[in-house]
Amino acid sequence: MQNKLIKAVIFDQDGLMFDSERLVAEGWAEIGKRRGYDINEEFLKTVRGRSTAEIKAAFQEKFGEDVPFDEMNAEKRVRTYDYIRKCGIPVKKGLKELLAYLYAHNIPAAVATSSSREWTEGNLSSTGIAGYFRLSVYGEMVSRGKPAPDIFLLAAEKLGEKPENCLVLEDSLQGNEAAINGGFVGIMVPDLTPPTEYLKKNLFAVCSSLSDVITLFETGRLYCENTAR
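So, here is what we can say about the structure in this document. Quick caveat, the model's predicted, so the values are computed rather than measured.

**A short note on the packing of helix α3 (residues 52-63) against helix α4 (residues 69-87)**
Following both chains from N to C, one finds α3 and α4 inclined at 120 degrees, their axes separated by 10 Å at the closest point. With respect to α4, the element α3 is oriented oblique. Considering the relative orientation of α3 and α4, their crossing is right-handed. Of the residues in α4, those in contact with T52, I55, K56 and F59 of α3 are F69, D70, M72 and N73. Among the residues making up the contact of α3 with α4, the classes are represented as four nonpolar, two polar and two charged.

Spelled out as structure tokens, the structure:
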């Protein structure tokens, strides 16, 4: 695959920057067990990255129209927030180093997440990385969730860059499909779900951690035109 000119980098949040998907999965499993629903990993991997409305529809399709999704989702949110208030949100390997590398090379970074503004701003602030990002785009700002590319296209538009010059970093199946669908340079950094054969074939790369993305820049597979600070 040819080397790619990168003018901006768009980061997913949960599972990519922070080890939060495990907390969410544990929360859903516990709440589901208590209420009599088998909310397992096989199901959760099909909804990661989607909007809340789309996740609710998936719950209703699997568990029936009467599933108390809103109540369970609120319980899951409280459980996750309580854990993070007590223990902090776990940062994924290589995140801070990659952000520092992009900053040093004048490559703007953005967040494009299906999560809420409140959740995102709290995580960025508490981990001390908010200043690295030029902008953030949230799930409520677009009508379609991933695998539709809308959220990444909006981020690219706000950054003033074409999709083919934007690197999208994602962990979920839906998020990586969205990157491909939008014509972005996509890299998967798997969290709980391994890549499919389709993703392996169509993404620019699959990396074991965000540290490996730095290596792609340093070896020239990804390159920029900006002068380092």
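**Overview of the pairing of strand β2 (residues 8-11)**
Of the two faces of β2, the one lined by A8 and I10 and the one lined by V9 and F11 are each fully buried. Both β2 and strand β5 (residues 166-170) contribute to a ladder of four bridges, which runs parallel. Bridge pairing links I10 to V168 in β5. With three bridges connecting them, β2 and strand β3 (residues 109-113) associate as parallel partners.

**Considerations on the packing of aromatic side chains**
This structure, assessed with the given rule, holds twelve aromatic pairs. On the basis of an interplanar angle of 25 degrees and a centroid distance of 5.9 Å, the ring pair of W28 and F69 is categorised as stacked. Remark: F69 occurs in helix α4 and W28 occurs in helix α1 (residues 21-35); sequence separation between them is 41 residues. Here W28 matches F69 in class, with each residue buried. Arranged with centres 5.6 Å apart and planes meeting at 75 degrees, the rings of F43 and F63 form a pair that is edge-to-face. In this pair, F43 is assigned in helix α2 (residues 41-44) and F63 in helix α3, connecting sequence segments 20 residues apart. On the basis of relative accessibility, which here comes to 8%, the residue F43 falls in the buried class.

**So, the packing of α1 against α4**
Their axes nearest at 9 Å, the elements α1 and α4 cross at an angle of 135 degrees. Between α1 and α4, the angle falls in the class oblique. Relative to α4, α1 is oriented so that their crossing is right-handed. Counted together, L23, V24, E26, G27, W28, E30, I31, R34 and R35 of α1 and F69, E71, M72, N73, E75, K76, R79, T80, Y83 and I84 of α4 form the full contact between these two elements. Its residues assigned to classes, the contact of α1 with α4 shows eight nonpolar, three polar and eight charged.

Rules behind the numbers
The residue count restarts for each chain, going from 1 along the sequence in the order it is written. Reporting in this predicted model follows two pLDDT cut-offs: at least 70 for local features of residues, and 80 or more for side-chain atom pairs to be given and counted; totals over whole chains, interfaces and linings ignore these cut-offs and use all residues. Hydrogen atoms and water are omitted, and side-chain values are computed over all heavy atoms in the structure. Only the stretch in contact is used when a helix axis is fitted, and all axes are lines through C-alpha atoms; the angle between N-to-C directions ranges over 0 to 180 degrees. Per the convention used, a helix needs a DSSP run of H or I reaching at least four residues, while a strand needs a run of E reaching at least two, with both numbered from the N terminus. These descriptions rest on fixed angle ranges, namely under 35 degrees for roughly parallel, over 145 for roughly antiparallel, 65 to 115 for roughly perpendicular, and the rest for oblique. By the definition used in this description, the sense in which the near helix is turned from the far one sets the handedness, with an anticlockwise turn below a right angle giving left-handed and a clockwise turn giving right-handed. Only heavy atoms enter the contact rule, under which two residues are in contact if any of them lie within 4.5 Å. Residues are grouped as follows: nonpolar covers Ala, Val, Leu, Ile, Met, Phe, Trp, Tyr, Cys and Pro; charged covers Asp, Glu, Lys and Arg; every other residue, Gly included, is treated as polar. Buried, partly exposed and exposed residues are distinguished by accessible area as a fraction of the type maximum, computed with a 1.4 Å probe on protein chains only: under 20%, between the cut-offs, and over 50%, respectively. Pairing between strands is defined by DSSP: at least two bridges between them are needed. Within 6.5 Å between ring centres, the rings of Phe, Tyr and Trp (the latter by its six-membered ring) count as paired, and their orientation is classed by plane angle as stacked under 30 degrees, edge-to-face over 60, tilted in between.

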